[in-house]
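Residue-level listing of the chains:
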Amino acid sequence: MSELLKSFMEDKRILDRVKFEDYLSVYFDVRPASFFTMIAELPNAREIGAKIDLECKDDLALIMSTRDIQLRGELIIELRKKIDELFKKYVLDSDVFKAHEYWAKKLGLRMEMDKVRPSICEVYLFKDKSVGKRLKNLFYIRREIRKAIYQMQTITLPPSLLAYPEELSSKFVSELGSILGYPECCIKRYAEERASGIYVEGRISEQIKNLRRSGDKPNVFSFFSSNFIPHDPKCEKAAEIGMKLYEALRDNIPGAHQKYYAILEENVNTAENFPEVIRSYRQSAESRLKDLLMHT
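Being a predicted model, the structure only gives us computed values, none of them experimental.

(A) Summary view of the nonpolar core. Counting residues in each nonpolar core, the largest one holds 82 residues, and the members touching the most others are Tyr23, Leu24, Phe28, Met38 and Leu249. Not counting residues within four places of it along the chain, the set of residues in contact with Tyr23 comprises Phe8, Ile14, Val18, Ser34, Phe36, His100, Trp103, Ala104, Leu107, Leu109, Met111 and Leu125.

(B) Representation of the sheet that holds strand S2 (residues 110–117) within the structure. An order of S1-S3-S2 is seen for the 3 strands of this open sheet, with the pairing classed as antiparallel. Where the open sheet ends on each side, the last strands, each with one partner, are strand S1 (33–38) and S2. On average, each strand axis in the sheet is inclined to that of its neighbour by 25°, with strand direction left out of account. In this structure, S2 lies alongside strand S3 (residues 120–126), joined through 7 bridges in antiparallel fashion. Within the sheet, the bridge partner assigned to Glu112 lies in S3 and is Tyr124. Most of the contacts of helix H2 (residues 16–27) go to S1, to which it runs at about 145°, and overall it touches S1, S2 and S3. Here helix H6 (residues 129–150) sits on the sheet in contact with S1, S2 and S3, set at roughly 5° to S2.

(C) How the structure looks around H2. The element H2 is extensively covered by neighbouring structure, given that 10 of its 12 residues are classed as buried. Residues of H2 that are buried: Arg17, Val18, Lys19, Phe20, Glu21, Asp22, Tyr23, Leu24, Ser25 and Val26. Looking one or two residues beyond H2, the residue adopting positive phi is Asp29, at roughly 60°.

(D) Region of interest: the packing of aromatic side chains. Counted by the stated rule, this structure contains 14 aromatic pairs. Seen in terms of ring centroids, Phe221 and Tyr246 are 5.3 Å apart; in terms of plane orientation they differ by 75°. Their pairing is edge-to-face. Here Phe221, found in the loop between helix H10 (200–213) and helix H11 (236–252), pairs with Tyr246, found in helix H11; they are 25 residues apart in sequence, far enough to count as distant. The exposure class assigned to Tyr246 is buried, which follows from its relative accessible area of 17%. Members of the aromatic cluster, connected to one another through ring pairs, are Phe8, Tyr23, Phe36, Tyr102 and Trp103. Stacked on the ring of Phe87, the Lys or Arg Lys115 has its end atom at 4.6 Å from the ring centre.

(E) Local environment of the side chain of Glu21. Tracing the sequence through the fold places Glu21 in helix H2. Separated by 3.0 Å, the side chains of Glu21 and Asn267 make a polar contact. Setting aside anything within four residues of it in sequence, one finds Glu21 in contact with Arg31, Ser34, Phe224, Ser225, Ser226, Tyr260, Ile263 and Asn267.

(F) The arrangement of the pairing of S3 in detail. For S3, the tally of buried residues reaches 6 of 7 residues, placing the bulk of the element in the interior. Looking at chain direction, S1 and S3 are connected through 6 bridges and run antiparallel. From the neighbouring strand, Thr37 faces S3, where its bridge partner is Glu122. Taking the residues between adjacent antiparallel strands as the criterion, S2 and S3 are bridged by 2 residues.

(G) Layout of the pattern of salt bridges. In the structure shown here, the tally under the stated rule is 30 salt bridges. Linking Lys6 and Glu10 is a salt bridge whose minimum nitrogen-to-oxygen distance equals 2.8 Å. Of the two residues, Lys6 and Glu10 both sit in helix H1 (residues 3–10), 4 residues apart, roughly one turn of that helix. For Lys6, a relative accessible area of 33% corresponds to the partly exposed category. Its relative accessible area of 48% is what places Glu10 among the partly exposed residues. The salt bridge involving Glu166 is made with Arg146; its shortest N-O contact spans 3.0 Å.

(H) Structural detail: the environment of Asn219. If you trace the backbone, Asn219 turns up in the loop between H10 and H11. Sequence spacing of Asn219 and Leu135 is 84 residues, and the spatial spacing of their C-alpha atoms is 30 Å. If we skip the residues at most four places from it in the chain, Asn219 touches Pro233, Lys234 and Ala239. Separated by 3.0 Å, the side chain of Asn219 and the backbone nitrogen of Phe221 make a polar contact.

(I) How the structure looks around unusual backbone geometry. The omega torsion across Met38 and Ile39 is 20°, close enough to zero to call that bond cis. Relative to the helices and strands, Ile39 is located in the loop between S1 and helix H3 (45–65). One non-glycine residue, Asp29, lies in the positive phi region at around 60°. Summarising the element assignment, Asp29 is placed in the loop between H2 and S1. Looking at Asp29, the relative accessible area reads 48%, which means it is partly exposed.

Basis of the calculations
- Residues numbered from 1 in each chain as written.
- Predicted model: local features only at pLDDT ≥ 70, side-chain atom pairs only at ≥ 80, totals over all residues.
- Heavy atoms only, no water.
- Core = buried A, V, L, I, M, F, W, Y, C linked by side-chain atoms within 4.5 Å.
- Buried < 20%, exposed > 50% of the residue type's maximum accessible area, 1.4 Å probe, protein only.
- Contact = heavy atoms within 4.5 Å.
- Pairing = 2+ DSSP bridges.
- Helix = DSSP H or I, 4+ residues; strand = E, 2+ residues; numbered from the N terminus.
- Axes fitted to C-alpha atoms, helices over the stretch in contact; angles between N-to-C directions.
- Phe/Tyr/Trp six-rings, centres within 6.5 Å; stacked < 30°, edge-to-face > 60°.
- Lys NZ or Arg CZ within 6 Å of the ring centre and 35° of its normal.
- Polar contact = N/O pair within 3.5 Å; in protein donor to acceptor, adjacent residues only side chain to side chain.
- Salt bridge = Lys/Arg side-chain N within 4 Å of Asp/Glu carboxyl O.

Take a look at the structure:
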């Protein structure tokens, strides 16, 4: 193993999942690009989230208690600005993020970021400049889609799609999937299902459960990334990607392939229990909001 990869693997400021699925999948040319999400996929995510919550709780309570629609809108805009400042303070200026910038450069990777929510940022890693151009164009398309949706007088989208309305655009989803190196069969099904309102997470969960009922099991290599949902739990095209990264890790970083395999198993488990995982996340978010309001 090279000293570069040895030092990278020893750096605790980056989660192993992010190292394997994002950095090394691009470094070893398994995929043209990858992405992880901040703050969720930072090792100190809970700590950062708690700090931001604490500093915003009074602002949030004021918004919730304000009945005047115009004033409430102004307060929301101010809160968004404050969250932007806190995100810069606790995330972008942190030692943890500096580690990401450092290792992207050391590993010969380029980085592009897109702020998708006030405190949520997608970080894309890639090598080829042309990928960066495609990503910037995609970020523009996302902003235009959101602008069009939010200008509608009546919005009937469920909360998940209201937060990410670009997922309704087959063009957007297909281009993003292509950039990330996902199999065409999986991109096609995901785009069609999202556009037609099918609950994709529920679909993959039921597919896995049906496999187990029949005495079969999913191919863990088909779940090569936690950000990816295959069109089928035994998709061979997706499995080829997972296996290629597994082999690259096995051949270049002693023991890393075993850690990656454990992560693949976690990805399958999460996919199988998607409805419960999402329900638990929503309950946790609601509980956190209630707790913030009660302690203001």
